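Summary of the model geometry
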Amino acid sequence: MEEKMRKTQILKKLPALLACASLLFFGCGDDEEEAEFDLGKNVYHFEGESLTLSGISGKEIYLAKVNGSLNTDKSPASIVTASCSGLSASVSPSLSVASSSSSDTEESLPARKHYVVSDAEKELAKEFGRLHVQKYGKQSRSALQALYSKHESDLSVGDEKSIWIQTGSDSNSLDSYEELDATLRASKTYCNVWVVDSCFAEETSSGNKVTAAIAEEIASKFDEIYPRVTNVFGTECDEILSITVDESTGNTVSKELVDMATVKDSEGELLNDTGTKINIVLCDLEAADYVGYFAPKDYYNYSVTMGNIADVSNYGKYFYVDTTSVNDNIKDALLTLAHEFQHMINFNMKTVQNSATFSTFYDEMCSMACEDMMADYLGVGDDDTPKNRLPLFNKKYTETGTGEWNSTGNQELYSYSSAYAFGAWLARQYGGAKLFKAILSNSHSDMDAVTEAVKSVAGEDYTDEQILERYVQALVFTTSDFTHPTMNQAAKQTLTYGSGDSAYSYPMTAINLWNLEAALPTYSSANTNSSYYKYDGPEYLSASDTTALRPYGFTLHKVGTASADSVTLKLSASPSGSTKYYVLVQ
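Residues numbered from 1 in each chain as written. Predicted model: local features only at pLDDT ≥ 70, side-chain atom pairs only at ≥ 80, totals over all residues. Heavy atoms only, no water.

1. Quick look at the sheet that holds strand 14 (residues 300–302)
Spatial ordering of the open sheet is given by 11-10-14, a layout of three strands whose pairing is mixed. The outermost strands of the open sheet, each flanked by one partner alone, are strand 11 (252–259) and strand 14. Between one strand and the next, the sheet's axes are offset by a mean angle of 20°, whatever the strand orientation. (Pairing = 2+ DSSP bridges. Helix = DSSP H or I, 4+ residues; strand = E, 2+ residues; numbered from the N terminus. Axes fitted to C-alpha atoms, helices over the stretch in contact; angles between N-to-C directions.)

2. Some words on the nonpolar core
One broad trend across soluble globular proteins is that nonpolar side chains are buried collectively. Judged by nonpolar contacts, the single largest core of 141 residues is most densely connected at Ile-280, Phe-422 and Phe-436. For this core, the element with the highest residue contribution is helix 8 (residues 411–430), accounting for twelve residues. Setting aside chain neighbours within four positions, we find Phe-436 in contact with Val-232, Phe-233, Met-365, Cys-366, Ala-369, Met-373, Gly-423 and Ala-427. Grouped together as the second largest cluster of nonpolar side chains are 20 residues, Ile-61, Ala-77, Val-567 and Leu-571 included. (Core = buried A, V, L, I, M, F, W, Y, C linked by side-chain atoms within 4.5 Å. Buried < 20%, exposed > 50% of the residue type's maximum accessible area, 1.4 Å probe, protein only. Contact = heavy atoms within 4.5 Å.)

3. With respect to the pattern of salt bridges
Opposite charge on two side chains allows them to pair when their charged atoms are near. One pass over the full model with this rule turns up ten salt bridges. Of the charged contacts, one joins Asp-273 and Lys-161 as a salt bridge, the two residues approaching to 3.1 Å between their closest N and O atoms. Taken together, the residues Asp-273 in the loop between strand 11 and strand 12 (278–283) and Lys-161 in strand 7 (residues 160–167) connect sequence positions 112 residues apart. Asp-273 sits in the partly exposed class, given a relative accessible area of 38%. Here Lys-161 falls in the buried class, since its relative accessible area comes to 13%. Among the ionic pairs, Lys-188 bridges to Glu-216, the shortest N-O distance being 2.4 Å. On the criterion of sequence distance, the pair formed by Lys-188 in the loop between strand 8 (176–187) and strand 9 (191–196) and Glu-216 in helix 3 (residues 212–233) is long-range, its members being 28 residues apart. Look at Lys-188 and you get partly exposed, because its relative accessible area is 25%. By sharing partners, the salt bridges in this structure join Glu-236, Asp-238 and Lys-317 into a single network. (Salt bridge = Lys/Arg side-chain N within 4 Å of Asp/Glu carboxyl O.)

4. A look at helix 5 (residues 330–354)
A rise of 1.5 Å per residue sets the reference length of helix 5, with its 25 residues, at 36 Å; its end C-alpha atoms lie 35 Å apart and thus fit the reference within 8%. Along helix 5, the sharpest change in direction is near 25° and occurs at Asn-346. Of all 25 residues that make up helix 5, 23 are buried, and the element is covered over most of its length. Sitting at the head of helix 5, Asn-329 places a side-chain oxygen 3.1 Å from the backbone nitrogen of Lys-331. Immediately beyond the C-terminal end of helix 5, within one or two residues, lies Ser-355, with a positive phi of roughly 50°. (Expected span 1.5 Å × (residues − 1). Bend = angle between axes of the 7 residues up to and from the residue. Polar contact = N/O pair within 3.5 Å; in protein donor to acceptor, adjacent residues only side chain to side chain.)

5. Side note on the side chain of Asn-67
Tracing the backbone through its elements, the reader meets Asn-67 in strand 4 (residues 60–67). When its relative accessible area of 1% is taken as the criterion, Asn-67 is described as buried. Of note is the side chain of Asn-67, whose polar atom sits 3.3 Å from the backbone oxygen of Leu-549.

6. Points about a negative patch on the surface
Together, Glu-160, Glu-179, Asp-181 and Asp-197 make up a negatively charged patch on the protein surface. Here Asp-197 is to be found in the loop between strand 9 and helix 3. Judged by relative accessible area, which is 35%, Asp-197 ranks as partly exposed. (Patch = residues over 30% accessible without salt bridge, like charges linked within 9 Å, V, L, I, M, F, W, Y side chains within 5 Å. Areas by Shrake-Rupley, 256 points an atom, 1.4 Å probe, with all protein chains shown as cover. Lys, Arg positive; Asp, Glu negative; His and termini not counted. Charge placed at Lys NZ, Arg CZ, Asp CG, Glu CD.)

Keep in mind that these numbers describe shape and distance, not what the molecule does.
See the structure below:
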């Protein structure tokens, strides 16, 4: 669920990064402070221009630069190799050392995208959340499930209706709305599946046309994943925000939350004809790069036309999946159900319940984590999961910061890759599905939700700086004994849905960033452009590289190998502002 039109979303609050004092040793100015190397203490912090390390002969040395502000650091310092001692600048041939470039005009990358909720929709959502808390107060997950436990509809397969659908004229945006005729082609316990009439085929699915059999398969699979997804992420909302406006003045007369199944227009006529079931609409989104979206617009009703997104509301629970994408890759389409459903749940759990809207980066992180944990159940191999975003992350992580969302051209795809990588590491480091259950259950947003969840699930009272410091370690250290943070371990299966043979514990397999080609054989053979995809670990820049640091972004550098027991490193300038400089040794 994503949209090109929205402005870049960045973390609203994040202090200086990577300051885990228990792991750091400091050197101040030219007064060099020595620190004995220890396997448990192998991250060092520059406070001045110089840092001396002892007992590290033969070890490989890396530098991580981390920008802890909302502004781009255009001129970070670098290692002055000529002023260093005890260092061999030779680089292991298995490592790629190159200079990164923000120029990205060579080609438009083919990849899945989802519509991003607009700022206008988020403004409406804040009011939704305020009224809900006012009406019900803070509620537990069990209370919410009791409140929103209905999935009722009087419709039958073959019924017809018109549905407002967001469409677009090119691959860069979903910038218009059309009211299109659709027919109910499948209905199960939790969902209705509608197919836009112009996208329906009687016998064979191809191009942008799907059959009733495809609709039935999608309905059946969604019914299967519904309880497994809600077990982790929570439940969707059953209410509509109804706003009455004085037609003569345009002033708001009243705002209230009403049961979705009973919402009426100003003349007393029912607006919702789909009850409280979830409506999956199969349609041609036209913009070829989009596979689906969820839009909160369908949760609003204005008594008069206001010239905003609420005027194209369908007054119910809706998300939308592109028919061409379904025919191109049904496995991808099935994961899209999980992805978009998480967005619908997130809207309720964060915005409605807590008036705390997630920024796009973290909402997308959760949706891709949902795909990650449901892939095994749906029988989807790694080639068709969000893991296929990691080669782009390895190559282009410097282009977007942790928590930043850039929706311009290929930058949006880099944002997706960064969001998945961070969430994939969190899951494998701190408790798998149980961690994400905690993230969605607490009352916080963004990084605050993450740190609170890590504390409650893993018992680690880390600050956001310490979480991110450990994340950067996972992108450098390749040890297999797990003495350092890593993605290369399976997520703990500490949360289970069901019992016996039907039990599902949300497996998420280990990720070796340095051997992605083995994990993604089909994807890697089809995506070979080394300007964008890297399968053998993150791109390590040269020691002298001064690539700009994105807001809350970082760069990783291979400095060299210690040729002596004692090594002294020199920066081109003393650290200043919000950018921190860390030396990692292995």
